[in-house]
Each structure stands twice: as structure tokens, then as C-alpha cells.
Amino acid sequence: MIGIINYGAGNIFSLTAALTRQDITYGMVNTVADLDLYSHIIIPGVGHAGAAMQKLTQTGMVDAIKVLKVPVLGICVGMQLLTAHSEEGNAELLAIFPLKTKLFDKGLSIKIPHMGWNKIAFKNNFLFEGVAPETQFYFVHSYFIEYNPIFDIAAVHYGDKFSAAIQKDNFYGVQFHPEKSGKEGERLLKNFSNLSL
Amino acid sequence: MLSKRIIPCLDVKDGRTVKGINFVDLRDAGDPVELAAQYAEQGADELVFLDITATHERRKTMIEMVKSVARQLNIPFTIGGGITEIADAEALLNAGADKISINSAAVKNPGLIADLAKNFGVQFVVLAVDTKHINGKNIVHLNGGRLITALETESWIKRAEDLGAGEILLTSMDHDGTKKGFDCELLGKINKTINIPIIASGGAGETAHFTEVFQKAGVDAALAASVFHYGEILIPALKQELRQNGIPVRI
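A quick note: this is a predicted structure, and the numbers were derived from the prediction, not measured.

A tally of regular secondary structure across chain B gives ten helices and eleven strands. The C-alpha atoms of chain B give 17 Å as radius of gyration, which agrees with the globular expectation for 251 residues (18 Å, within 12%). Principal-axis analysis of the C-alpha atoms gives chain B an extent of 45 × 40 × 35 Å. Expressed as a percentage of the 251 residues in chain B, the buried residues total 59%. Total accessible area on chain B is roughly 10200 Å²; 49% of this is exposed by carbon and sulfur atoms. Charge centroids of chain B, computed over 27 positive and 32 negative side chains, lie 2 Å from each other.

This part takes up the UniProt feature "domain: Glutamine amidotransferase" (unreviewed entry) in chain A. Sites flagged by UniProt as "domain: Glutamine amidotransferase" (unreviewed entry) map to residues 34-192 of chain A. Helix and strand shares over residues 34-192 of chain A are 19% and 35% respectively, and the end C-alpha atoms of the span are 20 Å apart.

All names here are of chain A. Pairing between strand β8 (residues 114-122) and strand β9 (residues 136-141): six bridges, direction antiparallel. Opposite Met 115, over in β9, you have Val 140 as the bridge partner. Pairing of β8 with strand β11 (residues 152-158), which is carried by three bridges, proceeds in the antiparallel orientation. In the strand pairing of β11, Ile 120 is matched with Val 156.

Further remarks concern the side chain of B:His229. Residue and element names in this part refer to chain B. Looking at the element boundaries, His 229 is found in helix α9 (residues 226-229). Judged by its relative accessible area of 1%, His 229 falls in the buried class. Engagement of the side chain of His 229 in a polar contact is seen with the side chain of Tyr 39, the distance being 2.6 Å.

What follows deals with the packing of aromatic side chains. Counted by the stated rule, this structure contains 14 aromatic pairs over all chains. Taken together, a centroid distance of 5.5 Å and an interplanar angle of 85° make the contact between A:Phe104 and A:Tyr158 edge-to-face. With A:Phe104 in the loop between β7 (100-103) and β8 and A:Tyr158 in strand β11, this residue pair connects regions lying 54 residues apart in the sequence. Just as A:Phe104 is buried, A:Tyr158 falls in that class too. Just above the ring of A:Tyr147 sits the side chain of A:Lys161; from NZ or CZ to the centre is 4.2 Å. Directly above the ring of A:Trp117 sits B:Arg250, whose terminal nitrogen or CZ lies 3.6 Å from the centroid.

Residues and elements named next belong to chain B. For the coordinates displayed, the defined rule picks out 20 salt bridges over all chains. Where Arg 250 meets Asp 45, a salt bridge forms, and the shortest distance between an N and an O atom there is 2.9 Å. With a gap of 205 residues between them, Arg 250 in the segment after α10 (235-244) and Asp 45 in the loop between α1 (32-42) and β3 (47-51) connect regions that are remote in the sequence. For Arg 250, a relative accessible area of 16% corresponds to the buried category. Asp 45 gets classed as buried once you look at its relative accessible area, which sits at 0%. Linking Glu 154 and Lys 189 is a salt bridge whose minimum nitrogen-to-oxygen distance equals 2.9 Å. Taken together, the residues Glu 154 in helix α6 (residues 153-163) and Lys 189 in helix α7 (residues 184-193) connect sequence positions 35 residues apart.

Residue and element names in this part refer to chain B. When the UniProt feature table is mapped onto this chain, "active site" (unreviewed entry) is found at Asp 11 and Asp 130. Structurally, Asp 11 can be placed in strand β1 (residues 5-13). On the basis of relative accessibility, which here comes to 14%, the residue Asp 11 falls in the buried class. Among the structural elements, Asp 130 can be located in strand β6 (residues 125-134).

Attention now goes to the UniProt feature "active site" (unreviewed entry) in chain A. In this structure's numbering, the residues bearing the UniProt feature "active site" (unreviewed entry) are A:Cys76, A:His177 and A:Glu179. Spanning 104 residues, the annotated positions come together in the fold, the maximum distance between their C-alpha atoms being 11.0 Å. Following the sequence through the fold, A:Cys76 ends up in the loop between β4 (72-75) and α4 (77-80). Leaving out residues up to four positions away in the same chain, A:Cys76 has contacts with A:Gly45, A:Val140, A:Val174, A:Gln175, A:Phe176 and A:His177. Assignment of secondary structure puts A:Glu179 in the loop between β13 (171-174) and α5 (182-194). With a relative accessible area of 9%, A:Glu179 lands in the buried category. Look past the residues within four positions of A:Glu179 in its chain and what remains in contact with it is A:Ser14, A:Leu15, A:Ala18, A:Arg21, A:Ile75, A:Leu189 and B:Asn74. For A:Glu179, the side chain forms a polar contact with the side chain of A:His177, separated by 2.9 Å.

Each value, and the rule that gives it
Residues numbered from 1 in each chain as written. Chains lettered and ligands numbered in written order. Predicted model: local features only at pLDDT ≥ 70, side-chain atom pairs only at ≥ 80, totals over all residues. Heavy atoms only, no water. Helix = DSSP H or I, 4+ residues; strand = E, 2+ residues; numbered from the N terminus. Rg over C-alpha atoms; globule rule 2.2 N^0.38 Å. Buried < 20%, exposed > 50% of the residue type's maximum accessible area, 1.4 Å probe, protein only. Areas by Shrake-Rupley, 256 points an atom, 1.4 Å probe, with all protein chains shown as cover. Lys, Arg positive; Asp, Glu negative; His and termini not counted. Charge placed at Lys NZ, Arg CZ, Asp CG, Glu CD. UniProt positions renumbered as here; feature names shortened; annotations may be inferred. Pairing = 2+ DSSP bridges. Polar contact = N/O pair within 3.5 Å; in protein donor to acceptor, adjacent residues only side chain to side chain. Phe/Tyr/Trp six-rings, centres within 6.5 Å; stacked < 30°, edge-to-face > 60°. Lys NZ or Arg CZ within 6 Å of the ring centre and 35° of its normal. Salt bridge = Lys/Arg side-chain N within 4 Å of Asp/Glu carboxyl O. Contact = heavy atoms within 4.5 Å.

Spelled out as C-alpha cells, the structure:
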């Protein structure tokens, strides 16, 4: 069963609805003790990364999350929290990935936020099992995770190339919203729920 | 490359969709959930629901509808109509809406844009602007074009961006309902002055109008209602044509 870290950063109705549509069972993780109840963990998140990190810290779960051994999926700001630092609020984050979360460069003549459907180039990774090449996913964000070939499992172009998905051991992150990305997004959530290490 | 978005707009009253619907497989053309799912299936990139309910029960029925839609729909959607305060927006966010669209309330109280952006992020706040050409100027109108304001469209949109609007939904009242094409001139002009996405609305009558608005005005998305509802334009065919014209779309 999937445990959703419940730390008050954004609404999770759409995520739980998508899991329900896929017959994936889930529960809420409110305390460190709750973490043991689940085989998989999702860290959702919408809004300001610095503020989200503050809220997560207030739950007292930060240290326990860092040493999780089960599959963990961070979505959008939940993914950014897995990196070391965000320019949004100049915030120190979980540092599970030695990566930085940066603001899009207006100088590249792109609109901010990056909002809409964009094509990703994903690597051979179980998270994308059965997902058609050239599939587009739904993004909405103003900060991005720098591209690093060591951790990147899916890259995307907007102004510049950055990571749409990353992995390190049991930790996964996706910048797009699988719960809003049509059937292929739902497939990704299903794949995550079937991940075993 | 980021795809250009195609957005059907659905009018909702008392929790039911209004305007005629021409889909063949629909059991209940007034059911927003079924209609939304049908559009998602066809390849719509996003949906906008415009609530025109005028009763005391409006908030409750709106929330219930948003929840039902969010349970079933796997693409993003925006809800607009009658949102005047933070509490309205928060209830809609918690019910699963991805964005809210505000119009009159923002004109009456521009600070609302900043408050919403601060509380929920700029990505949540769509500013809808109805504009009409009057004596050589573009003037913001309210109440579906019936009420004129003192605001010039270009400066109002610029100000809204500064306040924290994350996206602009610009409807030309001169073009709306004519089916003669979008107001590419105005849309292109405004698109150049802002750094947030803009959705073109008003005037779609045929597929060529969509190609034109993306090519000439460079907008990020195009919205239409009746041409989709009556089946005059089918989204898969529209997207094929856009792709053939070199416009990036999601198929």
C-alpha cells in the first residue's frame, strides 16, 4: 500500500483520485511511525519549495524520510524537496540527490511558469515501463532540477534541457504531474506501485 | 517542445452543463463528468468550466461538481465564475481544481490576484479578461460584455501579471460568437508584452482559425465552446491539421 506524506503542501485530491482509478490502495503518513505501515511512499507537493520544506520539517519526518529503504516517489515540488537546494526561498532541502533546483531563466525568452504538455525523453527504467516513446506529460512549475546524467531518467527541453525525472537507489522524482497526464500518467503511478527493490 | 493547448470550455448551471452537445456516445449530455471524460478521451489538453449558477446554493453545487470531475478526469481543469474571495478558491483547490479563473472580482479588487497567488501559487490563478474595441481602444468589459469599465485591456493585463496572475484567458467580445476567427492582432500584441501563458478565446469557427491564432499571435492555448460541443470541429482532426502546419501539439 502507498503512503502519502501528509504535510499540508498543496492539495492531494487529484492524486488520491488517480490512485483510486488505478485500484491502488493508499493511506496518509502523518507521523514517523506511520512510515512503517506502507510499502511505497509518495511525497506530493505544490507551491513554494522553501515553504514546503518548512512544513515537512515541522512534521518531524525529515530524518526518517532520508533513510527510507522502500520506493519513494516525489512529485513536482515533492521531487524538488529531494534535491539539496532550491533557489525558491534559497532553501536547504533533503539532499538525497546532490542536485540543485533552479529558477527558469527569463533571458531564454520562455514564459514562466512552464505550463502544459511537454515531450520527455526517458531512459530504460521500470517507472516508464509500457509508456510509449515521445509521450507528453503535464508540467506546471517555475523552478526546475538541473540535468545530471548520473541521476536523470527522463529529460525535457524548455528553454534549456533539464530533468523531468530522476532516480537514485529507491528514490524517484518526477517534475510533471502523473495524476494529470492522462492514461500514461496513470500507468506511471501503477508502475511505481508495482516497483519492488 | 511545449505543446500548444486546445481547451474546450463548458458552461455549467446548477451542476449541469448547458448549451447543446452533439456527441454520439453520450448517455447524459448534461452531465459535466461524462462530458469532461469524453473530451479527455478525444485529446483535449485541458478543460475550463464556467459556472453561471445564480442561486444561493451555487458554492455547494460547484464544489460537488468539481469533486466529481476531479475523481474521474485525468487532465487538468480550471473552474471560473463567481469566485470572489480566498475561501472560494481554497474550497475549489481542495475539491481538486487545478486552477481558478477570476474576472469581475479582480477588476473590483485587484489585490485579490496577489492574495490568491501568495496563498496558492501563481500557477493556480488565471485572469479572465473580456475585451471590446471602443473608439480605437481595447477596453475591459464585465458581465459578458454588458458592463464597460475604465480599464484599458493592455495595461490591465500587464498589471495583473505584476500582481501574480499565472495565466491570461483573453476573450474578444467583438469576435465571440462570430465564428470568423480569433482576434489575432490584439492577442499577438498582448502576447509580446507578457511573460506568462495566454489563452485565446472568442471567434473560433473552423480549424484554420486555430492554426492562424497559433502562427500569427503565438498564443500558448486556444479555447472554444460551441464548435466543440456541436461537433463542428473534432479535436483529433484539429490536432492533425495543426501538426501538419508545424504547430507542436499532443496527439
